[in-house]
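Okay, here's what each chain looks like letter by letter:
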Amino acid sequence: MHFEIIIGGAMIVITTVIQGVFTMVGVEYMRDYADRHNEPALIWSTLRLAVFVLWLFLATIIEVWVWAVLYISLDAFDSFETALYFSTVTFTTLGFGDIVLEDKWRLLSSFEAANGLLMFGWSTALVFVGVQWTFENRAQHRRKRTPHN
C-alpha cells in the first residue's frame, strides 16, 4: 500500500508538471496573440479559443498516456490498448468498471481518478479565463475605435 501511495503521489506530480507546462505555453499564446493583433474577426477569436482548448486537451491525452505507461510498466495489464482504455475511463472519472486493476494496484485507480478530476478542473478554469480574455480583448479594441466625446 505504501508503494502505491508513493507511485500515485509521483504520478500526480508528473501530471501537474505536464499541465503546468501546457498552461504556461497556452497562456503565453493567448496573451501574445492579443498583444500583437488588432481586434480579430469573430471567427478568428473563436478559432483561437478552439486551438487553446485543443492544446489543453493534448495535455490531458499525454497525462492519460503517462498513467497507461505506468500500468504497463507495473504489468497491471497485458496490452497497452487495455491500459490506455482503463486509464482514459479512470482519468475522466467515467469508471465503467468493465476492466479493473488487481488488488495490489487498485489504490492507483483512485489516485488517477482524483488526479483527472483536478486536471479537468484546472483546464476548465483556463478555458473560462481564455474566453474572458477574448471578450476583454475585443471590447478593448472596440473602445479604441470608438471616438470619445
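Here's what I pulled together on the structure shown here. (Residues numbered from 1 in each chain as written. Predicted model: local features only at pLDDT ≥ 70, side-chain atom pairs only at ≥ 80, totals over all residues. Heavy atoms only, no water.)

Of the regular secondary structure elements, the chain holds four helices and zero strands. Across the chain, helices and strands are ordered from the amino to the carboxyl terminus as α-α-α-α. Here the C-alpha radius of gyration of the chain, 20 Å, is well above what a compact globule of 149 residues would show, namely 15 Å. Once the C-alpha set of the chain is aligned to its principal axes, its extents read approximately 75 × 25 × 20 Å. With 149 residues in all, the chain has 36% of them scored as buried. If you take every contact in the chain between residues at least 6 apart in sequence, the share linking residues at least 24 apart comes to 70%. (Helix = DSSP H or I, 4+ residues; strand = E, 2+ residues; numbered from the N terminus. Rg over C-alpha atoms; globule rule 2.2 N^0.38 Å. Buried < 20%, exposed > 50% of the residue type's maximum accessible area, 1.4 Å probe, protein only. Contact = heavy atoms within 4.5 Å.)

Time to look at the packing of helix H3 (residues 80-91) against helix H4 (residues 106-145). Each pair of packed helices gets described by two things: the angle between the helix axes and the distance between those axes. Two elements in contact, H3 and H4, have axes separated by 7 Å at closest approach and are oriented at 55°. By the angle between their directions, the pair H3 and H4 is classed as oblique. Touching Phe-86, Ser-87, Thr-90 and Phe-91 of H3 are Ser-109, Glu-112, Ala-113, Asn-115, Gly-116, Leu-117, Met-119 and Phe-120, all from H4. Taken together, the residues of the contact of H3 with H4 sort by class into six nonpolar, five polar and one charged. (Axes fitted to C-alpha atoms, helices over the stretch in contact; angles between N-to-C directions. Parallel < 35°, antiparallel > 145°, perpendicular 65-115°, else oblique. Nonpolar A, V, L, I, M, F, W, Y, C, P; charged D, E, K, R; others polar.)

What follows covers the side chain of Glu-4. You can see Glu-4 is positioned in helix H1 (residues 2-36). In this structure Glu-4 is buried but unpaired, with Arg-106 as the nearest side chain of opposite charge at 6.9 Å. Looking at Glu-4, its side chain comes within polar contact range of the main-chain nitrogen of Arg-106, at 3.4 Å. A polar side-chain atom of Glu-4 sits 3.0 Å from the main-chain amide nitrogen of Leu-107. Beyond its immediate stretch of four places on either side in the chain, Glu-4 contacts Lys-104, Trp-105, Arg-106, Leu-107, Leu-108 and Phe-111. (Lys, Arg positive; Asp, Glu negative; His and termini not counted. Salt bridge = Lys/Arg side-chain N within 4 Å of Asp/Glu carboxyl O. Polar contact = N/O pair within 3.5 Å; in protein donor to acceptor, adjacent residues only side chain to side chain.)

This next bit is on the packing of helix H2 (residues 42-73) against H4. With their axes 10 Å apart at the nearest point, H2 and H4 run at an angle of 165° to one another. With respect to H4, the axis of H2 lies roughly antiparallel. Crossing handedness for the pair H2 and H4: right-handed. Taken together, the residues that form the contact of H2 with H4 break down as 15 nonpolar, seven polar and four charged. (Left-handed = near helix turned anticlockwise from the far one by under 90°.)

Interpretation in functional terms is not warranted from these geometric data alone.
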